[in-house]
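Each chain, letter by letter, is given below.
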Amino acid sequence: MIYPEIPENENERLQEIEKYQILYTEEEENFDNLTKLAASICNTKISLITIVSKDIVWYKSKYGTNLKQAPREYSFCAHAINTPDSPFVVEDASKDERFFDNPYVTDKENGIKFYASIPLITKEKISLGMLCVMDFEPKQLSPLQIEQLKLLAKQVIALINLHKTRRELLDLNESYKKTNLLFNETQKLSKIGAWELDLETGKTYWTNEVYAIHEVDHNFAHNLQNGIEFYHPDDRELITKNVQNTLETNQPSQFDTRFITAKGNSKYVRITVNSHIDKSGSKKLIGCIQDITKEKENLYINKLLKSFFDLSPIGIALNDFETGIFLDVNHKVVEPTGYTKEEFLSLSYFDITPQEYMPEEKQALQDLQTKGSYGPYQKEYIRKDGTRYPVLLNGILVEDIFGKKRIWSIIEDISEKVEKERVLRESKEKFETLVTSITGVVYRYTYNNDWQLTYISPYLEKLCGYKVEEFLNCNGLCFHQAIFHEDSNE
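Predicted model, so just to flag it, every value in this text is computed and none were measured.

Q: How would you sum up the pairing of strand β6 (residues 127–135)? Please name residues and give values.
A: Of all nine residues making up β6, nine are buried, and the element is well covered by its neighbours. Here strand β1 (residues 46–52) pairs with β6 via six bridges, running antiparallel. Bridged to Ile-49 within β6 is Leu-131. Relative to β6, strand β5 (residues 114–121) runs antiparallel, the two sharing eight bridges. Within the sheet, the bridge partner assigned to Ser-117 lies in β6 and is Cys-132. Hairpin connection between β5 and β6: a loop of five residues separates the two successive antiparallel strands, and Lys-125 in this loop has a positive phi of roughly 65 degrees.

Rendered as structure tokens:
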């Protein structure tokens, strides 16, 4: 037995088989009819349509056998594939040196003696396999039978091409469905719908998200006239102006406008408009509509927050958690420092905090890590000229959209408060020095319904034996009754 040779174009041939996607497909009646007809024309027991793959010869259609495939090394078709330009005929395999000891030939009951095939040639001139007939007895085919097999082989390759086209259409349809699904999901996520307006008929085409934005069912009979009615009356002139501009200049337009849905809900939408001429020469407007209500709301909220940030009577600062660098501050933070805002934003809170406050700084950072907030706590900042001023701080730990840790802080300049406390403390000290030098009891109470005592000099204990704590914050009447004789007019 001589084993079949491998064609020079084998890699290209196997790639072509892969492209046709016919290997291991289901049996089909159209192919089976051709194998029956081939066996009838040639008066043979067996007829096959084969695909010669890398290791096996697979039977797309079979007549007269239950086998589904054969090892390529023993297959007649594996030899025939090397003669793609002509029929391959073996009249008596038992006398052919290539096949006489082939196991398919030596089988005593069903040994193949006759084989004839026509190659299945694609338009790229590559042989995929064979239309073949076989018998258990030696045979000869007439020239007419050979020609009829050639015609049948053309029908086989036509069916294979039809199979390929059908597969491509199915794949294309599946790809379209997938693309359409992704397109619809993209529309939902981005809240963008596409539309088309036929300028001659006034008819409109909407994608799914356009219906969703309008809050109407898909059976809504939309057109140019009722489409305009969804837009705020005061904004319709803006729409007309932009559409007219696109029609006159063939340049796209984009604008934002107010919108009222079928359910009465107010929205903001962004419209894009462009002109287009289709294959028939009809001029159309195409474009997109996007629900930007949330975007507008966020812009409004951000504007409010920015106004609060800029106009706040208390300092607000944003710092990087890792470095302490000031990322943003309002004017109330910068105002007492002597720096410009640009200069200040190059500093960290470590640069303007005296060294003796570092233990408190470490504790604040630890509180941010464990509790998510710090403060309130009081410390000092260093001005540009080196002088100091007192501040009161509170803050929280946040993460930006990239997961970086930031610190928002409220920073209050308490210079005036501290100065007032100092003046009050000194006044109190002077007052206490004065009253302790007086031989007698000095007391003070509030002038209201309770006449509550708020101060009693220490001389009370020496004079009367009472402790100050016994009467402090008590009613003034009780105090008088306790220390003054009932006959006293005092």
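Q: If you had to explain the sheet that holds strand β8 (residues 204–206) to someone new, which residues and values would you point to?
A: Strand pairing in a sheet relies on backbone hydrogen bonds. The paired strands run either parallel or antiparallel. Ordered by their spatial adjacency, five strands build an open sheet running β8-β7-β11-β10-β9, and the pairing between neighbours is antiparallel. Two strands bound the open sheet, and with one partner strand each, they are β8 and β9 (253–260). Adjacent strand axes in the sheet meet at a mean angle of 25 degrees, parallel and antiparallel pairs treated alike. Relative to strand β10 (residues 266–277), β9 runs antiparallel, the two sharing eight bridges. Bridge pairing in β10 places Ile-260 opposite Ser-266. With respect to the sheet, helix α8 (residues 236–249) is in contact with β9, β10 and β11 (283–291), its orientation differing from that of β9 by roughly 155 degrees. Where helix α9 (residues 293–311) meets the sheet, its contacts fall on β9, β10 and β11, and the angle it forms with β10 comes to roughly 125 degrees.

Q: Residues and numbers for the packing of helix α2 (residues 29–42) against helix α5 (residues 143–190), please.
A: α5 packs onto α2 with a crossing angle of 175 degrees between their chain directions and a minimal axis gap of 10 Å. The angle between α2 and α5 falls in the class roughly antiparallel. Of α5, the residues touching α2 (which contributes Asn-30, Phe-31, Leu-34, Leu-37, Ala-38, Ile-41 and Cys-42) are Gln-145, Gln-148, Leu-149, Leu-152, Gln-155, Val-156, Leu-159 and Ile-160. Of the residues in the contact of α2 with α5, the class split is 11 nonpolar, four polar and no charged.

Rules and cut-offs
- Residues numbered from 1 in each chain as written.
- Predicted model: local features only at pLDDT ≥ 70, side-chain atom pairs only at ≥ 80, totals over all residues.
- Heavy atoms only, no water.
- Buried < 20%, exposed > 50% of the residue type's maximum accessible area, 1.4 Å probe, protein only.
- Helix = DSSP H or I, 4+ residues; strand = E, 2+ residues; numbered from the N terminus.
- Pairing = 2+ DSSP bridges.
- Axes fitted to C-alpha atoms, helices over the stretch in contact; angles between N-to-C directions.
- Contact = heavy atoms within 4.5 Å.
- Parallel < 35°, antiparallel > 145°, perpendicular 65-115°, else oblique.
- Nonpolar A, V, L, I, M, F, W, Y, C, P; charged D, E, K, R; others polar.

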